[in-house]
Amino acid sequence: MPRARTRPTSRDVAREAGVSQAAVSLVLGDKWRGRVSETTAERVREAARALGYRPNLAARNLRLGRTRTVLLVVPALTTEFFAGVYTGAARVASRHGFGVVLYPSPEGIGPARDPFASAQAALDGVIASSMAAEALTAIRGDQLPLVMLDSDPSAPGTTVNLDIADGVRQVAEHLLGLGHRHFLHLAADVPSWTFEVRARELEARLRRVPGASLRTARSPISIKGAEAAAEAALTTREGVTAVVCDDDQLAAGVYKAARRLGLRVPSDLSVTGMDDLALATAIDPELTTVRLDAELFGERGMEALLAVLNGEPPSGTNIPVHLEVRGSTTRVP
């Protein structure tokens, strides 16, 4: 009868890599920086892969008093953007032996409610976007480490933000450079810091330009809702030649409304979005929009939380965004 294969141990990894068991523990516990060299760390990881070694996480977590589990709270699971945020966060988490539990808001869009009565008993930390202050207080529990995504920097915990203000600046400068002076802002009807920044920055940019005007219409984040809101706002155009949308879905709704009103994009109406979803290149003409790197956003959020858990200062820089100029914008006729 064949003997069962013996499960490799950390001693086997140390022997294979030519290092001590302590070095193996430091590398696989992600505490090697400043203690062992990058070359040694890679040699340990390669030895572990070759032997098929997996640390006993349950025993280690019990010893350290950690669950190695992070909660990611997002406003909606149905959006491509937050799927990207999860992918980025989970990628970084897996490299460090953490798992990510995803908690979407039951309402789909808007603040998520408190998912746990006692989060501190089940989680090492929380990464949250667009979350109610009351829920934050409940989830934090006994100073549970918290990283907020795309949220007011004055909120509790560490904040990781996309440079939304710069994205709006790029949109405004692009449209102004094309000669547009009369704007409609189709704003997301969602109480969130990120949408407040978009409205505030656009207004501030246009206020500096002589002869510029700005109207605002609000819409739920859906193509159907945006179509209705844009049609109502554009029925009496009042000289509007450019529509700035808070989201690519809103821009798609503007396309439909324009068609119903006999307006052509971009000949009669230039349209911009925000996000650069797959939708942006699926509509015709392709949408000029600000690209927000959702996966990088999730990665930076997870990296910030790991830094907090290790007692290190997280990077405080905003994530750059970029305007993708396509066929939906042109010069004023």
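Whatever comes next refers back to the structure up there.
Residues numbered from 1 in each chain as written. Predicted model: local features only at pLDDT ≥ 70, side-chain atom pairs only at ≥ 80, totals over all residues. Heavy atoms only, no water.

S.K.: Any details on the sheet that holds strand β9 (residues 270–275)? Residues and values, ideally.
M.R.: The strand order across the open sheet formed by six strands is β7-β6-β8-β9-β10-β11, and the pairing between neighbours is mixed. Only two strands of the sheet have a single neighbouring strand rather than two, namely β7 (213–219) and β11 (322–324). Averaged over neighbouring strand pairs, the angle between their axes works out to 20° when direction is ignored. Sheet contacts for helix α10 (residues 248–260): β6 (182–188), β7, β8 (242–245), β9 and β10 (288–291); angle to β9, the most-contacted strand, approximately 155°. (Pairing = 2+ DSSP bridges. Helix = DSSP H or I, 4+ residues; strand = E, 2+ residues; numbered from the N terminus. Axes fitted to C-alpha atoms, helices over the stretch in contact; angles between N-to-C directions. Contact = heavy atoms within 4.5 Å.)

S.K.: Kindly report on the packing of helix α9 (residues 223–234) against α10, identifying the contributing residues and their values.
M.R.: For the pair α9 and α10, the least separation of the axes is 7 Å and the interaxial angle reads 50°. The pairing of α9 with α10 is recorded here as oblique in orientation. Crossing geometry of α9 relative to α10 is assigned as right-handed. Taken together, the residues of α10 that come into contact with α9 (itself represented by Ile223, Ala226, Glu227, Ala230 and Glu231) are Gln249, Leu250, Ala252, Gly253, Val254, Lys256, Ala257 and Arg260. Across the contact of α9 with α10, the residue classes tally to seven nonpolar, two polar and four charged. (Parallel < 35°, antiparallel > 145°, perpendicular 65-115°, else oblique. Left-handed = near helix turned anticlockwise from the far one by under 90°. Nonpolar A, V, L, I, M, F, W, Y, C, P; charged D, E, K, R; others polar.)

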